[in-house]
Structure formats: C-alpha cells, structure tokens
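Observations on the model geometry
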Amino acid sequence: MSILKKLFGKKDVVPEVKHRSVLTLEVGDIVTYDLEDYQVVGKLIYHSHGFEWIAYQLQGSNKSIWLSAEMDDELNVAIYEKATLKLTEPIPKELLYEGVKYYLDESGIARVKGEGRGKNVNNLECQYFDFCDDNEEQFLSVEIWGSEIEVSYGYEIEEYEIKIIAGS
C-alpha cells in the first residue's frame, strides 16, 4: 500500500459515544448504584394524561431493582424493590407496610410501552396507585395488571448517585 493511500485513504469510522442520563437509558446499559453494577434488562415508559415516567429493570448479581425517573417540575429519581405486601381490590387510601403508614398520593390508568424484559406488557394499560409516607421520603407503588397486583417499596435518590455506562 502506498504512503499516499495510507494518508488519504478511507478511514475507519469510530462510532460516536452516546451520552446517557436517567431519562435516556437503554436496554443493555450498565448502571452502578450503591457500589453494585446492574444491567438494564427492561424498560417501561408510562403515559397518563399527558405525563410520562420511566421505570428501568436493573439486574444485579444478586437481585433485581427498579430505577424510576420522571421529569416533573424537577427531575425525580427513585429506587424500587418488590414489597411483600399483599393487596386485593379495591385499593385503600392508606396502607401500613413494615410499621410505616402510607397515604394515596395519586392514581390513574397508564398506557405502557415495554422494551427488553418489559416487552410482554408493550401497549397494555395498567392501573396505578402511588403512595407516600408523611415525610414524602418513602413510597409504595401499586400496579394492577389484569388480575395481578404488584406492590413495590421505594425511596428517592439523587441523580449523582447513579453512574451510567452506555451499552451501545
């Protein structure tokens, strides 16, 4: 190969590194939280009355958690884990879980777009109920998917507590 071809020939194209935030995570990305690495294995985008929020299923070596992100007046980020609370319909306006009283904050019906492990709920609707404690520091999320009721316990975190490595 001639020296001119080396200098002016076709260059290898280097893919652009994509910036990720808690609002733009993709399935396959890696998230570090509380000194543990998790892979984003599912993504649910909820739409209800013009509002949108996102829940990412994060799989670690020992457990699965959910990272929730919503841009309201400000960015709200929370971590959720499956709760052992068993509920039946109708969902009450107050719940007691592990000695803490939670109050219904908002509820409604959301259309969900799912990716990765969440693709089985793509284009489905769920009924949701969001509860918070007196200090608005702890949360319970209740979702009704057909006849199944899922309850998760959560708490708010700061965005800087999350480190992201784009998987693509």
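Data block above holds the structure.
Residues numbered from 1 in each chain as written. Predicted model: local features only at pLDDT ≥ 70, side-chain atom pairs only at ≥ 80, totals over all residues. Heavy atoms only, no water.

Describing the overall build of the protein
On a plain count of helices and strands, the protein comes out with one helix and eleven strands. Starting at the N terminus and ending at the C terminus, the protein contains elements arranged as α-β-β-β-β-β-β-β-β-β-β-β. A burial count over the protein gives 37% of its 168 residues as buried. In the protein, the proportion of contacts linking residues at least 24 apart, taken out of those at least 6 apart, comes to 49%. Total accessible area on the protein stands at roughly 11100 Å², and carbon and sulfur atoms take up 50% of it. (Helix = DSSP H or I, 4+ residues; strand = E, 2+ residues; numbered from the N terminus. Buried < 20%, exposed > 50% of the residue type's maximum accessible area, 1.4 Å probe, protein only. Contact = heavy atoms within 4.5 Å. Areas by Shrake-Rupley, 256 points an atom, 1.4 Å probe, with all protein chains shown as cover.)

Section: the packing of aromatic side chains
Tallied over the full model, the rule gives four aromatic pairs. Ring geometry for Trp53 and Tyr128: centres 5.1 Å apart, planes at 70°, overall edge-to-face. Taken together, the residues span a long stretch of sequence, with Trp53 in strand E3 (residues 51-59) and Tyr128 in strand E8 (residues 124-132) at a distance of 75 residues. Judged on exposure class, the residue Trp53 and its partner Tyr128 are both buried. (Phe/Tyr/Trp six-rings, centres within 6.5 Å; stacked < 30°, edge-to-face > 60°.)

What about the environment of Ile144?
Its location among the elements puts Ile144 in strand E9 (residues 138-145). Placed 18 residues apart in sequence, Ile144 and Cys126 show a C-alpha to C-alpha distance of 5.6 Å.

Structural notes on the layout of surface pockets
As a volume, the largest pocket reaches approximately 1400 Å³. As for the largest pocket, its lining consists of 49 residues, of which Trp53, Tyr80, Asp130, Ser141 and Glu143 are closest to the centre. When residues of the lining of the largest pocket are traced back to their parent elements, those giving at least two are strand E2 (36-48), E3, strand E4 (64-71), strand E5 (75-82), strand E7 (100-116), E8, E9 and strand E10 (148-157). Here the residues of the lining of the largest pocket sort into 23 nonpolar, eleven polar and 15 charged. (1 Å grid on protein atoms, 1.4 Å probe; cavity = no way out; pocket = protein on both sides within 12 Å on 5 of 7 lines; lining within 4 Å. Points joined across faces, edges and corners; volume = space filled by probe spheres on them. Nonpolar A, V, L, I, M, F, W, Y, C, P; charged D, E, K, R; others polar.)

Side note on the environment of Leu124
With respect to the secondary-structure elements, Leu124 resides in strand E8. Leu124 sits twelve residues away from Val112 along the chain, and the two C-alpha atoms are 5.6 Å apart. Beyond its immediate stretch of four places on either side in the chain, Leu124 contacts Ala110, Arg111, Val112 and Trp145.

Things to note about the side chain of Ser48
Within the fold, Ser48 resides in strand E2. Within the structure, Ser48 has its side chain in polar contact with the side chain of Tyr128 (distance 3.3 Å). Filtering out sequence-adjacent residues up to four positions away, Ser48 remains in contact with Trp53, Ile109, Ala110 and Tyr128. (Polar contact = N/O pair within 3.5 Å; in protein donor to acceptor, adjacent residues only side chain to side chain.)

Focus on the pairing of E3
Across nine bridges, the pairing between E2 and E3 is antiparallel. Each bridged residue has a counterpart across the sheet, and for Ser48 the counterpart in E3 is Phe51. As consecutive antiparallel partners, E2 and E3 are separated by two residues, and within that stretch His49 has a phi angle of approximately 50°, a positive value. In this structure, E3 lies alongside E4, joined through six bridges in antiparallel fashion. Paired with Ala55 across the two strands is Ser68, which belongs to E4. The loop that links E3 with its antiparallel partner E4 comprises four residues. (Pairing = 2+ DSSP bridges.)

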